[in-house]
Every structure is written in C-alpha cells, then in structure tokens.
Amino acid sequence: MNNNFLFVSAENDGIPNCKAGGMGDVVRDVPRHIAARGDTVNVVTPSYGRLHQQGKPVMELNFSYRGYDQQAVIYEVPGKKILPGIAHYVIDHPDIKSGDIAHIYYNDPVQPFFQDANAFSLFCIAVAEAVKQGVFGKPDVVHLHDWHTSLLLFLKKYHPSYAVLRNSRWVYSIHNLAIQGIRPFRDNASSLEAFYPEVVFNAEELVDPRYPDCINLMAVGIRHADAVHTVSPSYREDVQQASKPPHFIGGEGLEADLKKADKEGRLFGILNGCNYNNIRVAEKGWLWKNTLSDLFIWLQQPNKKYKSDFLAHTGHKITRLLSHKPDFVCCSVARLTEQKFYFYKEDPDLLRELLDILERRNGVYIILGTGAPEYEELFRSLSYERENFLFINAQSEDVIDSLYLESDLYLMPSLFEPCGISQMLAMRNGQPCLVNHTGGLKDTVAHMKTGFAFEGETLDKKKRSFVKVFKKALDLYFDEPEKWKAVCRAASEARFSWENSVDDYYRDLYKLKDADDEENGKKKKKAGARP
C-alpha cells in the first residue's frame, strides 16, 4: 500500500533558500527516506514573497481570513534534487513576506511573534484549504513542525469548514521548545480572534499555562496532535522537567503538557539523523581561500555596507594566517542566540580564557554566524581585541563546509540542545566536538571516546568544567597524538542514520508499516503456509 504524507513547515532545505536552522535539514531529509520506501511525500512551506518565482501555479486558494475573503496561490517548485515520490509546494500571498532572520522569520523585540504569527496563521488556513481542495491527494499522515504550523490542529478541531482535516493522522515535531509562539486570544491585531473571528473555540484547551489571556501555539501542537515528537531521546526526558535557568533548561512552562502526552503514550524521542552518502564535500586546504573570496563578495553587497569595516578587518586577519598558519583551529558554526552562546555572553572572560589557552598553543578560534545584535556586537568587539579570534559575521556554505572539514575541534557549548546537527556534521569529517552534556548532545557525543563533554550542577561549575575539558582536549592533541587520532577515528565512525530514525518514525509516530515491511510480511506468510 502506498502511503501519502504531507509535511508542513516554515523551512525546507529540499528547495533553495528556505532554511534558517536544523528544522530545514530534517524537512529535507526525512521525505527523501520516506520516498525511498515507496511512499509519497508532499512538502509545503510559505513562499515568503520569493520562493514561488521558479515554480508553476497549481491552484488559486480562496478562504476567509480576518473576516474577509482572501486569495492565495499554491505553486509547485523544483527541489534541489528531483526525486521520485517527492513534490515541493509553496503558498504565495502578499501578506506573507520575507523576514529579517534568514529571509524567513521576523525579530519582534517589542511584541514577540507579532509578525510571524500573522504570516503563519494565514499560511495555515491556506494549507487547510489546499487539503480540502485535494491539492495533495488524501494525506494519510500530516507531519507538522514547531509552533508555526500548529494552528492547523486548531482549524481541524474547531473550524466547521475544515472537518476534512480529521481524516488524517497528525504528528507534531518539537524542534525547539523554547520558541512557543505566544499571542493574545483577542484585542490585538495579531491574536487568535483577529485571525479567525468566525471560529468558536474553547480557550481552556489552548491557553498558555502562565498567561491566561494568551494562546500558546507550541502547547496547541502538544495537546492536540496524535503523536508528539522530540528530536532526541534525552530531550524528551529533559522537557518533562521544570526549567531552572540558566542551570537547566527543560519544559519551559509546558512540562505538565508533555508529561500528560507521555502518560497518554503520545510522546516519543527519536534522534535526528545525518546523511553519509552523496554529500557536499569541501576541498581540503581551501578554508582561508574560501573565506577571503566570500569576504570580497560580501563587501560589495549593499546590505552588508553597515559592517564592511568589520568584514575588512576579518579579511586582514586571514591574510596574516595565510603566511603564519596556526597549529590548532577550533570553530563554532551557529545562529548567534542565547541557546548557542549564552556562556560567552554571560561571561566574556570565559571566552578570553579559552583564547589565552589557544594562544599558548598557537591556536585560533573561529565563530561563523549571524543573529541577535548583542551577540554580534560581543564577537565583533572581541575580534578587534584578540588576534587569535576570528568572527565571520555572515553565512557561506563553502566556508561552513571547509570549517567542518579542516578545523581540529568543534565547540558546541549550547545552553540546551534539542538534538543538534552541527556535532554530527563535524564528527562525520572526523572532527571531535566539545559539547555541553545536555539534550541531544548526550545522545551523540561520548566523552573521551568520540569527543569531549563538560557538565556541572551550577553555571559556574559548568564553566569551570568547560575550561578544564578544553585544556584536556588540547593536551591530548599536542602531547598524546595517538589517543587524539583514536578519538577522531571513533568520531568519524559514529553513525546516526536516518534509516534507523525513519524506522522509528513509521513505528511510533506514523503507526504505519513501510513497503519493505509489508513485502517481508507477505514472504513470511507464504513461506509458512501449509500446502
């Protein structure tokens, strides 16, 4: 039997220019493995006013939103790879525009989620209409990703025009519980009542546990999906405990909802996977050249003019490294957020201490990323201050691939980590990682075997452990090269395969047997039949 899947997400790296983080990787990879099993997958995201331009229109979608008749257009767009069984769609509407974060999300410091909730509430009802009109056929499973898509569960439960949504199984993946999409029920232009004024709903089933006048869109997904999925087994355990920031980040106010889902047998922790075949490979020895080349490109871009002086400063540092090569390179690649770099922002002297240790070993530390202004400013100022700290304040696939290939140690001091993909990509290249012992990093990095981990009951103990383990890693590299090579070898041999993870998806999330299981079952039945 051929199963029909619909993936609904804010990101999809299966098409160009539709990724901000790890969610995009998951939405790219899982459909490929589902299709390889003989099933079909349709993936739909917003167009953000740009992604439809290379597509072909499929249908005009007419629906009611904010009490007015609206029209959106759904396009089928080409994937990065053309694969049988996978179709990619985007929905275009003039009110769904590119944000300032990866040209997808908006940064709303005054009213968090104001613009994003406007865009995704419109997107969700357009998707509901597309399902109703049969654009995707009849989905057996609808797989939603993070709070941006959970209003489809609201429409399924409460909107009389979309009862057809009840004919599918609904799966909800939590990629980052800390970002919850909290908005008022009413009396705001970005509120539930403003989005869908005709819908009668039960606020008790939607309410944020801390703000009784608000809907929590992450909670909507947890409460109303048939299966709830965290992207690693350890994160599943973490989120059922109350947060005690900054020492421990757990359920972020939703731990009771997650415990309830677990008790009902709806909560599953399945580790994200990593690709090991047909991957994009950088050329060895091109790290500094690739970085310089991209720096010159960025310097010519109008939207980079405001930081052109800093980009030139970074380029000047790299030209010196071409003739005075470091003996050790460590790096971090990530969005500049509290989750990824809290330890450095809370205590810049911690970063200075790491740089002092590196300086004694002729080592450098490279951070590549963009993000929150306060983190960008911190790293820019430290780059001017410390010669062996390079801050590449931009994004480049070529430079990132070179960093994963050519650095000696990958640093991932995340405050919390639902799963993480960066550590898997570094390990795939035989680069050990030094990580905080939390969430999915527990499930992927084994201390002194495939990498290094720091831990502690308090923030101060974590920081001291971080420095201690960092020193130990460098001592191993310089003083015990055979042991270092063994760690590198073990890192490169570690496997976090999507094949195994998607097996678990079929069993636990989708409650389906794949085509191979069915064929094997038929063969066993035939072999065991009596003449």
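For the structure, check the block above.
All of these numbers come straight from a predicted model, not from anything done at the bench.

What counts, and at which threshold
Residues numbered from 1 in each chain as written. Predicted model: local features only at pLDDT ≥ 70, side-chain atom pairs only at ≥ 80, totals over all residues. Heavy atoms only, no water. Phe/Tyr/Trp six-rings, centres within 6.5 Å; stacked < 30°, edge-to-face > 60°. Helix = DSSP H or I, 4+ residues; strand = E, 2+ residues; numbered from the N terminus. Buried < 20%, exposed > 50% of the residue type's maximum accessible area, 1.4 Å probe, protein only. Contact = heavy atoms within 4.5 Å. Salt bridge = Lys/Arg side-chain N within 4 Å of Asp/Glu carboxyl O. Axes fitted to C-alpha atoms, helices over the stretch in contact; angles between N-to-C directions. Parallel < 35°, antiparallel > 145°, perpendicular 65-115°, else oblique. Left-handed = near helix turned anticlockwise from the far one by under 90°. Nonpolar A, V, L, I, M, F, W, Y, C, P; charged D, E, K, R; others polar.

*Asks:* Quick question: what am I supposed to make of the packing of aromatic side chains here?
*Replies:* To describe a pair of aromatic rings, you give the distance between the ring centres and the angle between the ring planes. Scanning the model with the defined rule gives 36 aromatic pairs in all. Residues Tyr-89 and Phe-136 carry aromatic rings whose centres are separated by 5.3 Å and whose planes lie at 80° to one another, so their mutual orientation is edge-to-face. One end of the pair, Tyr-89, is in strand E5 (residues 86–92); the other, Phe-136, is in the loop between helix H2 (114–132) and strand E6 (141–145), and 47 residues separate them in sequence. A residue is classified by how much of its surface remains accessible, and Phe-136, at 4% relative accessible area, is buried.

*Asks:* Sorry if this is basic, but what is going on with the side chain of Arg-386 here?
*Replies:* Its location among the elements puts Arg-386 in the loop between helix H12 (373–385) and strand E14 (389–392). With relative accessibility at 13%, the residue Arg-386 sits in the buried group. Apart from the residues within four sequence positions on either side, Arg-386 is in contact with Lys-317, Arg-352, Leu-355, Asp-356 and Glu-359.

*Asks:* What am I meant to see in the pattern of salt bridges here?
*Replies:* Where charged atoms of side chains with opposite charge meet at close range, the side chains can pair. Following the criterion strictly, the structure yields 32 salt bridges and no others. A salt bridge links Asp-25 to Arg-28; its shortest N-O distance comes to 3.0 Å. A residue pair is termed a helical-turn pair when its members lie 3 or 4 positions apart in one helix, as Asp-25 and Arg-28 do in helix H1 (residues 22–36) at three residues. Exposure class is identical for Asp-25 and Arg-28. Each is buried. In this structure, Asp-208 and Arg-210 form a salt bridge, with 3.1 Å as the shortest nitrogen-oxygen distance.

*Asks:* Sorry, what's going on with the packing of helix H3 (residues 151–158) against helix H5 (residues 217–224) here?
*Replies:* Each pair of packed helices can be described by the angle between their axes along with the distance between the axes. Orientation of H3 relative to H5, taken along the N-to-C sense of each, is 55°, at an axis distance of 8 Å. Accordingly, the angle class assigned to the pair H3 and H5 is oblique. Seen from above, H3 lies across H5 with left-handed handedness. Across the interface between the two elements, Leu-151, Leu-153, Phe-154 and Lys-157 of H3 pack against Leu-217, Val-220, Gly-221 and His-224 of H5. Here the residues of the contact of H3 with H5 are counted per class, giving five nonpolar, two polar and one charged.

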